[in-house]
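The lines below spell out each chain.
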Amino acid sequence: MSCEEIKTIIPAYIKHTATEAEILKVEEHLCVCNECREYLGQTMDRPGITEKKEESLPEIPATKNSHLLEYIMIATGLAILLFFLLLLLKH
Ligand SMILES: [Zn+2]
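Just so you know, these numbers come straight off a predicted model, no measurement behind them.

## Overview of the coordination of the zinc ion
Phase 1: Looking at the zinc ion, the protein donor atoms are Cys3 (SG), His29 (NE2), Cys33 (SG) and Cys36 (SG), and they sit 2.0 to 2.3 Å from it.
Phase 2: Here the zinc ion is ringed by four donor atoms whose angles at the metal span 103 to 113°, and the overall shape comes out tetrahedral.
Phase 3: Of note, the donors binding the zinc ion are all from one chain and are spaced C-x25-H-x3-C-x2-C. Taken individually, Cys33 and Cys36 each receive the classification buried, so the pair is uniform in this respect.

What follows is the structure, encoded as structure tokens:
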């Protein structure tokens, strides 16, 4: 198996969509080929190809917090608006 062939399988290998035969070929080749090991490392570092669950998890509470802040601001705004409306109606 040539390096070029291995490099075409590597994306599937990372996404766990490669067949068992392909996985074996890649792993056998990676044992003897530094270049493809580096290629695998670079491909795995590229965002979008692999789902980095460790990185996406802290983002969820952050967005939830910002949404919560928005709701609080909107609710406060509405409360102030209602307060002024009531004042106007009393006059
Ligand atoms: Zn190689």
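## A word on helix 3 (residues 34-45)
Since there are 3.6 residues in each turn of an α-helix, residues three or four apart along the chain are aligned in direction.
Phase 1: For helix 3, which comprises 12 residues, the first-to-last C-alpha distance of 17 Å matches the rise-based estimate of 16 Å (1.5 Å per residue) to within 8%.
Phase 2: Three or more residues of helix 3 are buried, namely Cys36, Leu40 and Thr43. Buried residues of helix 3, viewed axially, fall in a sector of 70°; they line one side. Seen from the open side of helix 3, the exposed residues pointing more than 90 degrees away from its buried face are Asn34, Glu38 and Asp45.
Phase 3: Lining the buried residues of helix 3 we find helix 1 (3-14) and helix 2 (20-32).

## Description of the side chain of Thr43
Phase 1: Tracing the sequence through the fold places Thr43 in helix 3.
Phase 2: According to the relative accessible area criterion, Thr43 is buried, its value standing at 1%.
Phase 3: Within the local environment of Thr43, its side chain forms a polar contact with the backbone oxygen of Tyr39, the two atoms lying 2.6 Å apart.

Rules used in this analysis
Residues numbered from 1 in each chain as written. Predicted model: local features only at pLDDT ≥ 70, side-chain atom pairs only at ≥ 80, totals over all residues. Heavy atoms only, no water. Donors = N, O, S within 2.8 Å, 3.2 Å for Na, K, Ca; no water. Tetrahedral: all angles 85-135°; square planar, octahedral: opposite > 155°, others 65-115°. Buried < 20%, exposed > 50% of the residue type's maximum accessible area, 1.4 Å probe, protein only. Helix = DSSP H or I, 4+ residues; strand = E, 2+ residues; numbered from the N terminus. Expected span 1.5 Å × (residues − 1). Arc of directions from axis to C-beta. Contact = heavy atoms within 4.5 Å. Polar contact = N/O pair within 3.5 Å; in protein donor to acceptor, adjacent residues only side chain to side chain.

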